[in-house]
Amino acid sequence: MVESLFGDQDFFAQESGNNFADIILPVPIPRMFTYRIPKNLQPQVNLGSRVIVQFGKKKVLTGIIGKVHNKPPPAYEAKPILDILDIQPSVNPLQIRFWVWMAEYYCCHIGEVMHAALPSGLRLSSESKVQLNPNFDREESKYPLDDREVKILDALDKSEEISYEDCEKILGVKTIHPILKSLVGKEAILIFEKLQEKYTPKVQTRVRLTAEIASDKKALEAVFEALAGKSKQESILLKYLRDVPVFQKAHLNEKGVNKAVLLEEGDSESSLKTLIKNEVFESFKLVVNRIEEEEPEKEPAILSSTQQSAFEEIKTHFETKQTVLLHGVTGSGKTEIYIQLIREVMESGSQVLLLLPEIALTTQIVSRLKKVFGSQMGVYHSKYSDNERVEVWNGVLSGRFSFVVGVRSSIFLPFDSLGMIIVDEEHEPSYKQFDPAPRFHARDAAIMLAYFHQARTLLGSATPSFESYFNASQGKYGYVEINHRFGDASMPEYHLADLAADRRKNLLKLDTTRILREKIQEALSKQEQVLIFQNRRGYSPYIQCEDCGWTGECVQCDVSLTYHQFAEELRCHYCGYKEKVPSSCPACGSTQLATMGMGTERIEESLSLLFPEARLGRMDLDTTRSKYGYQRILDEFGAGNLDILVGTQMITKGLDFGQVTVVGIWDGDRILNFPDFRSGERAFQQITQVAGRAGRREAKGQVIIQTRNPETHLYEQVIKGDYAEFFRQEMFDRKKFYYPPYVKLVKITTRHSDPKVAEKAANSLHREMANIAVKKIVLGPEKGVIARIKNQYQFESLIKLDRSGNTQAVFKESFAKIIDELQSRPEFRSVRWIADVDPS
């Protein structure tokens, strides 16, 4: 715990050392800041160590030492480092090198990268504290004190310092600021900031037999004799000896048992206290890991001949290529190949990172990998608490975890000897970070991270991204293909269900076609399971008045509000604004309000009416907000306690359930009709991936795509599984109209609360960018697809950069200078410009 001390510091004034450190601070400013290293801290200085520094007049920040040197800053007097928090650095030099690359490539600041990289538990938190003014005397004070002020001063007489929260509890009020302000004015108290580590180790209360009894059978017999007739105390002692055989395994008594576990069968805590008082047991505290230790349960599966061939081919490519693309159809057994590769790398003494696109996917695959790798494997994702993430971070630093499974933020962990990075489902858009900066793509960043470590990268997918497939076709990546499923499983059978035709024949019921209902019923009758995919959460997209056409719109964004039936509210999925569903139209007063479209919540309701005997579940953002929300739903489905699972894109990603034989795609056209040059690629990927959940064992899978346009060519290509032909057709269009992978894209968004200022700033930026002397196309500025979000108006420019030479570096350097110049103009000081490199 470190207090921030401001003002005159004689120690630093007398210190005349000339050593300096450049500190990375979590602020959006494009440079490091130079601080002076006091003589008493010089022996502790290490690259990557966390430090406490004063920033500005009042702020105290946690920073990282990025560089040590002897050059004082020319423009200002360097402030001293206040303290060093680490004995061993929390960050290594390779990470800092990676942060610098990310800041340069993704047009952001290194402080923003640091903020994203470090778990918040490794950053200090600051709390305001109150203490008595040592010069204050109640008797001699010229200021009168009211009763509430006296209570605060009485509390400070008993305690050296108290928090704002303590003050509120003492007085039973919600707002303490006016009272404290009055006491400061009366010179009775001082308010200061106390810094403390956010991370707190997990401490467990444990009990064990006293050493005298644990080492002497006669002493133990005497205890049992003394407990005759005291059944509750005797029960606790017997349970302890059952779990800790002290005479067979004496060392186990050292660790004892968790007090809560000892009492979990209903034994009395007062009986345990009596045993401790009588010196039969002793109580002690032990710091324990939040991440449980687990031993491996089984050996990896033996690879099939096809898998073994792919495994050998990957290793051969790695002899000459840094990156290999594994293109294996859904259900081909890519995970088992990963396991064999991971084992080989770990046996060589190197570390492995396995990236997964979604937490939903980690919950299922983690249990499979834990059985093989046990406690050598760490898991890292956003549903973990701050303390859990710090323990995984420290586990990588200490060498406890040589293999980590995680989502995109895992690339920031402190690896020092990475041997391989595996990016599973590498095509997934969720690898792209949208907000806040850095707006990185984890797949691309992983390839660069592997380059820094001289490691290898394996990209795995049944439907590779066009960029990766293009690189493989050009010989930049190695390429390995598996074109049939593992074991006896066959590829699913597709059915195009014509919504318009069923409507004309009056066969449509609650937006389900006849063939979808029949296939679901068949599966239910065989006690098989069904997945229904709709890429829209909520009850329905929006509510509309049938008389005047009014629709509920967000007051802060230019989007309609989504209807959520369970909460009976209209909700904005962009800013979180919500309001109650009106009983009548706010515009005309009509009560004829109708729900338009279908979200997952409404589909779940419709299916419960069509199949009342079926057990239904729903998997979307609303049902998986809690830490174990994903796990609970997947466990229920995996155990066969659900017959039908309705979900958004979460259910398309790598889930493996043997009883799923039917997959229904509720609205195939919704996936296709999106204003983006990647819409065809994404539609092919999503439909193929969700279809791949069906028939992964002996029974053949059935996939029903509901559509109003069954003649669409893309459906034909999905059904044929002809990825290569689809890729060739799309590449023809992309080359013709200058889209990736033939060019590099950068999207610049201009934001301001005044639409006129936003438009003027966007146009000024456009003119300046047009003058940058590189080969490029500058489009825009245009109003954003959503013109206003959180009361900020948006204009977007799209830049297509030639991929050759140093075009990108020159453009990014010039762009940074242009932004600095524009922001120096008074009219644009509150304008925000956001650069998104390789927008997804």
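Quick note: structure is the one above.
Residues numbered from 1 in each chain as written. Predicted model: local features only at pLDDT ≥ 70, side-chain atom pairs only at ≥ 80, totals over all residues. Heavy atoms only, no water.

Enquirer: What exactly am I supposed to notice about the packing of aromatic side chains here?
Expert: Pairs of aromatic rings are described using the distance from one ring centre to the other and the angle between the two planes. Enumeration according to the criterion identifies 25 aromatic pairs in this entry. Seen from their ring centres, F466 and F727 are 5.3 Å apart, and the 85 degrees between their planes marks the pair as edge-to-face. Of the two residues, F466 is situated in helix α18 (residues 466–473) and F727 in helix α26 (residues 723–736); the sequence distance between them amounts to 261 residues. The pair formed by F466 and F727 is uniform in burial state, with each residue classed as buried. Where Y469 meets F727, the ring centres are 4.7 Å apart and the plane angle is 75 degrees; that geometry is what we call edge-to-face. A residue pair is termed long-range when its members are at least 10 positions apart, and Y469 in helix α18 and F727 in helix α26 qualify at 258 residues. Pairwise contacts between aromatic rings join F98, W101, Y105, Y106, F412, F440, Y451 and F452 into one cluster. (Phe/Tyr/Trp six-rings, centres within 6.5 Å; stacked < 30°, edge-to-face > 60°. Helix = DSSP H or I, 4+ residues; strand = E, 2+ residues; numbered from the N terminus. Buried < 20%, exposed > 50% of the residue type's maximum accessible area, 1.4 Å probe, protein only.)

Enquirer: Can you walk me through the sheet that holds strand β12 (residues 281–288) in this structure?
Expert: In any sheet, the strands associate via hydrogen bonds between backbone groups, in a parallel or an antiparallel arrangement. Spatially, three strands are ordered β11-β10-β12 in an open sheet, and the strand pairing comes out antiparallel. A strand with exactly one partner marks an edge of an open sheet, and here the two such strands are β11 (257–258) and β12. Relative to β12, helix α12 (residues 269–277) is tilted by about 105 degrees, and along the sheet it contacts β10 (202–209) and β12. (Pairing = 2+ DSSP bridges. Contact = heavy atoms within 4.5 Å. Axes fitted to C-alpha atoms, helices over the stretch in contact; angles between N-to-C directions.)

Enquirer: Hey, could you run me through the pairing of strand β14 (residues 351–355) in this one?
Expert: A regular strand places its side chains so that they alternate between the two faces of the sheet. Burial runs high along β14: five of the five residues are buried. Covered by surrounding structure in β14 are Q351, L353 and L355 together with V352 and L354, the residues of both alternating faces. Pairing of β14 with strand β16 (residues 403–406) involves four bridges; the strand directions are parallel. Bridged to L355 within β16 is G406.

Enquirer: What exactly am I supposed to notice about the state of the cysteines here?
Expert: Among covalent bonds in proteins, the disulfide is the one between the sulfur atoms of two cysteines. A full pass over the atoms with the stated rule returns zero disulfides. The closest cysteine sulfur to the non-disulfide-bonded C545 is located on C588, 3.7 Å from its own sulfur. Looking at the unpaired C554, the closest cysteine sulfur is the one in C575, lying at 3.6 Å. (Disulfide = S-S within 2.5 Å.)

Enquirer: Help me understand helix α14 (residues 334–347) in this model?
Expert: Since the α-helix turns once every 3.6 residues, residues separated by three or four places project in the same direction. The terminal C-alpha atoms of α14, which comprises 14 residues, lie 20 Å apart, in line with the 20 Å expected from a rise of 1.5 Å per residue. In terms of residue burial, α14 counts as a mostly covered element, since 10 of its 14 residues are buried. With its phi angle positive at about 95 degrees, G349 sits one or two positions after the end of α14. (Expected span 1.5 Å × (residues − 1).)

Enquirer: How should I be thinking about the pattern of salt bridges in this particular structure?
Expert: It is possible for side chains of opposite charge to pair when their charged atoms get near one another. Evaluation of the coordinates by the stated rule reveals 36 salt bridges. Of the charged contacts, one joins R389 and D386 as a salt bridge, the two residues approaching to 3.4 Å between their closest N and O atoms. With R389 and D386 both in helix α16 (residues 386–398), this residue pair falls three residues apart, about one helical turn. For E827, the salt bridge is made with K760, and the minimal N-O distance between the two is 2.8 Å. Of this pair, E827 sits in the loop between α28 (807–823) and β34 (832–837) while K760 sits in helix α27 (residues 755–770), and the two are 67 residues apart along the sequence. Looking at E827, the relative accessible area reads 39%, which means it is partly exposed. (Salt bridge = Lys/Arg side-chain N within 4 Å of Asp/Glu carboxyl O.)

Enquirer: Which parts of the structure should I look at to understand the sheet that holds strand β21 (residues 529–533)?
Expert: Here six strands make up an open sheet; going across it, the order is β20-β30-β29-β21-β28-β27 and the pairing parallel. On the outer flanks of this sheet lie β20 (493–498) and β27 (616–619), each paired with one strand and no other. Within this sheet the neighbouring strands show an average axis-to-axis angle of 20 degrees, counted without direction. In this sheet, strand β29 (residues 660–665) lies alongside β21 in parallel orientation, the contact comprising five bridges. Note on β29: the bridge partner recorded for Q529 is V660. Against the sheet, helix α21 (residues 600–610) makes contact with β21, β27 and β28 (644–647), and its axis sits at roughly 170 degrees relative to β27, the strand it touches most. Docked against the sheet, helix α25 (residues 713–720) engages β20 and β30 (702–707), running at close to 160 degrees with respect to β20.

Enquirer: Help me out: how do you make sense of α25 in this one?
Expert: For α25, the full list of buried residues reads L714, Y715, Q717 and V718. For α25, the angular spread of buried residues about the axis comes to 160 degrees, placing them on one side. (Arc of directions from axis to C-beta.)

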